[in-house]
Amino acid sequence: MENSDSILGTSEDSENSENINLELEQIAEEIKKCKKCDLWKTKTNYVPGEGSSYSGIVFVGEAPGREEDIQGRPFVGNAGKLLTELIEDKLGLRREQVFIGNVLKCRPPNNRDPLPEEIEACKPYLIRQLKVLKPSIIVCLGRHSASLLFNEFGLPFSGITRVRGKPFEVKADWGKIKLIAVYHPAAALYRPPLKETLEKDFSKLREFIKIKPKIQKEKGRNSTRTLTKTLNKTLKDYFSEI
Ligand code: URA
Ligand code: SF4
C-alpha cells in the first residue's frame, strides 16, 4: 500500500499503527536490557528512538549525546533543536509524525566516535525498527549512519560530502525506498556553510513526501460521518412513519 493511502483514517490503518507501536515498544524493552557492548555500563539511559510511521520518513542519527543520555530521548539537545526546526520548517511535519532513531542506543563516553564493534552489536535493533516502520524514505544524519545504511542496502559509501543530498533508490524487504544522507545537524550547528547545505537538502526532501494534506483526511471523515447521520435519520423517519 502507498503511504499516501495510510492516513485516510480507516480502522484497518489505525489497527496497523497500533501494531507498529506495539512492536516498536517491544524492541525498546529489549534495548533497555541490552548488554551486548560495553556502552551500557557508562550510559545513564538507553535511547531506543521515538516517533511514528505516519509520514513514512525515518531519521537515523549517530548516538545519544549528553542531553539524550539524561532524558532517554533522541535529539533533544542543541542538534535536536535544529533537527526539529528543519522537520517543521522545511518538511511541514511535526516531530511526532516522523521516526527519529540512532545507530547506537547508548551514549559513548564524552561523545567519542562509535567503535566498529559497538555499531555491529547495536545494528540489529535499528534494522528491526526499520522492518517494523517500513519507511519510504530513510534519512541518514551524518557519516556513521550513512556508512552503515549505505552498506546495509548494498551501496558504496564514498564519504558524506560526496553522497549527501542525493536520493538513492534501494530495495528494502518491504519494497523500493529512497535512502538519502545529509550532514549531521551537530556538525552544521557551528559551521554556517554546512548549515546552509543541510537546509537545502531538507528542502529537497519535501518532494519525496507522499502523504496527503491533513485537510483531506478530515474532510473525508466528516463526510462519512455526515452520511451515516443522514442515513440513520432517514431510517428513523421511515420507521416512525410505518
Ligand atoms: N546526535 C545524534 O546523532 N543523535 C542524537 O540522538 C543526538 C545527537
Ligand atoms: Fe546494547 Fe546498543 Fe547499548 Fe551497546 S549501545 S549496550 S549494543 S543497546
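Quick summary incoming for the structure in this document. The structure presented is a predicted model; accordingly, all values stated were derived computationally and were not measured.

Our next topic: the site of ligand 2. Taken together, 14 residues sit near ligand 2, with Cys34, Cys37, Trp40, Cys106 and Cys122 positioned nearest. Of all the secondary-structure elements, those providing two or more residues to the shell around ligand 2 are helix H2 (39–42) and helix H5 (116–133). If one sorts the elements of the shell around ligand 2 by residue count, H5 sits on top with 3 residues. Of the residues assigned to the shell around ligand 2, the class counts are 10 nonpolar, no polar and 4 charged.

Here we take up the environment of proline 135. Summarising the element assignment, proline 135 is placed in the loop between H5 and strand E4 (137–141). Remark: the alpha-carbon pair of proline 135 and phenylalanine 59, spanning 76 residues in sequence, is separated by 9.9 Å.

Moving on, we come to the sheet that holds strand E1 (residues 50–51). Strand pairing in a sheet takes place through backbone hydrogen bonds and is either antiparallel or parallel in direction. Taken in spatial order, the 6 strands of this open sheet run E1-E3-E2-E4-E6-E5, and their pairing is mixed. Of all strands in the sheet, those with a lone pairing partner are E1 and strand E5 (168–172), marking the two edges. The pairing of E1 with strand E3 (residues 99–102) spans 2 bridges and is antiparallel. Among the inter-strand pairings, glycine 51 is bridged to a residue of E3, identified as phenylalanine 99. Each of strand E2 (57–61), E4 and strand E6 (175–182) is contacted by helix H6 (residues 143–152), which is oriented at about 140° to E4, the strand it contacts most.

Right, let's talk about the pairing of E6 for a bit. Where a strand is regular, its side chains alternate between the two sheet faces. When E4 meets E6, the two strands line up parallel, connected through 5 bridges. By the bridge assignment for E6, isoleucine 138 is matched with leucine 179. Pairing analysis gives 5 bridges linking E5 to E6, with the strands arranged antiparallel. Following the sheet pairing, glutamate 169 is matched in E6 by lysine 178.

The next point concerns the nonpolar core. Within the largest apolar cluster, 49 residues are counted, with the highest numbers of intra-cluster contacts made by Val58, Val60, Ile138 and Val139. Setting aside residues up to four positions removed in sequence, isoleucine 138 forms contacts with Val58, Val60, Leu149, Ile177 and Leu179.

Closest axis-to-axis distance for the helix H1 (residues 11–31)/H5 pair is 9 Å, and the angle between their directions is 175°. The orientation of H1 with respect to H5, classified from their angle, is roughly antiparallel. Contact residues: Ile20, Glu23, Leu24, Ile27 and Ile31 in H1; Tyr125, Arg128, Gln129, Val132 and Leu133 in H5. In terms of residue class, the contact of H1 with H5 is made up of 7 nonpolar, 1 polar and 2 charged.

Glancing now at helix H4 (residues 78–91). Taking 1.5 Å per residue, 14 residues should reach 20 Å; H4 reaches 19 Å between its end C-alpha atoms and fits that length. Listing the buried residues of H4 in full gives Ala79, Gly80, Leu83, Leu86 and Ile87. Down the axis, H4 shows its buried residues gathered within 120° of arc, on one side only. Within two residues after H4, glycine 92 carries a phi angle of roughly 70°, on the positive side.

Counted residue by residue, H6 has 7 buried out of 10 residues, so it is predominantly covered. Of the residues making up H6, those classed as buried are Arg143, His144, Ser145, Ala146, Leu148, Leu149 and Phe150. Contacts from the buried residues of H6 go to E2, H5, E4, helix H7 (160–163) and E6. Glycine 154 sits one or two residues past H6 and shows a positive phi near 75°.

A few words on the packing of H4 against helix H9 (residues 192–205). It is the contact of H4 with H9, at a shortest axis distance of 9 Å, that shows an interaxial angle of 50°. Judged by the inter-axis angle, H4 sits oblique to H9. Between H4 and H9 lies a crossing of right-handed hand. Along the contact surface, H4 presents Leu86, Lys90 and Leu91, while H9 presents Glu199, Phe202, Ser203 and Leu205. Each residue belonging to the contact of H4 with H9 can be placed in one class, and the counts come to 4 nonpolar, 1 polar and 2 charged.

Cut-off values and rules
- Residues numbered from 1 in each chain as written.
- Chains lettered and ligands numbered in written order.
- Predicted model: local features only at pLDDT ≥ 70, side-chain atom pairs only at ≥ 80, totals over all residues.
- Near = placed C-beta within 6 Å.
- Helix = DSSP H or I, 4+ residues; strand = E, 2+ residues; numbered from the N terminus.
- Nonpolar A, V, L, I, M, F, W, Y, C, P; charged D, E, K, R; others polar.
- Pairing = 2+ DSSP bridges.
- Contact = placed C-beta atoms within 7 Å.
- Axes fitted to C-alpha atoms, helices over the stretch in contact; angles between N-to-C directions.
- Core = buried A, V, L, I, M, F, W, Y, C linked by C-beta atoms within 7 Å.
- Buried ≥ 20, exposed ≤ 12 C-beta atoms within 10 Å, placed from the backbone.
- Parallel < 35°, antiparallel > 145°, perpendicular 65-115°, else oblique.
- Expected span 1.5 Å × (residues − 1).
- Arc of directions from axis to C-beta.
- Left-handed = near helix turned anticlockwise from the far one by under 90°.

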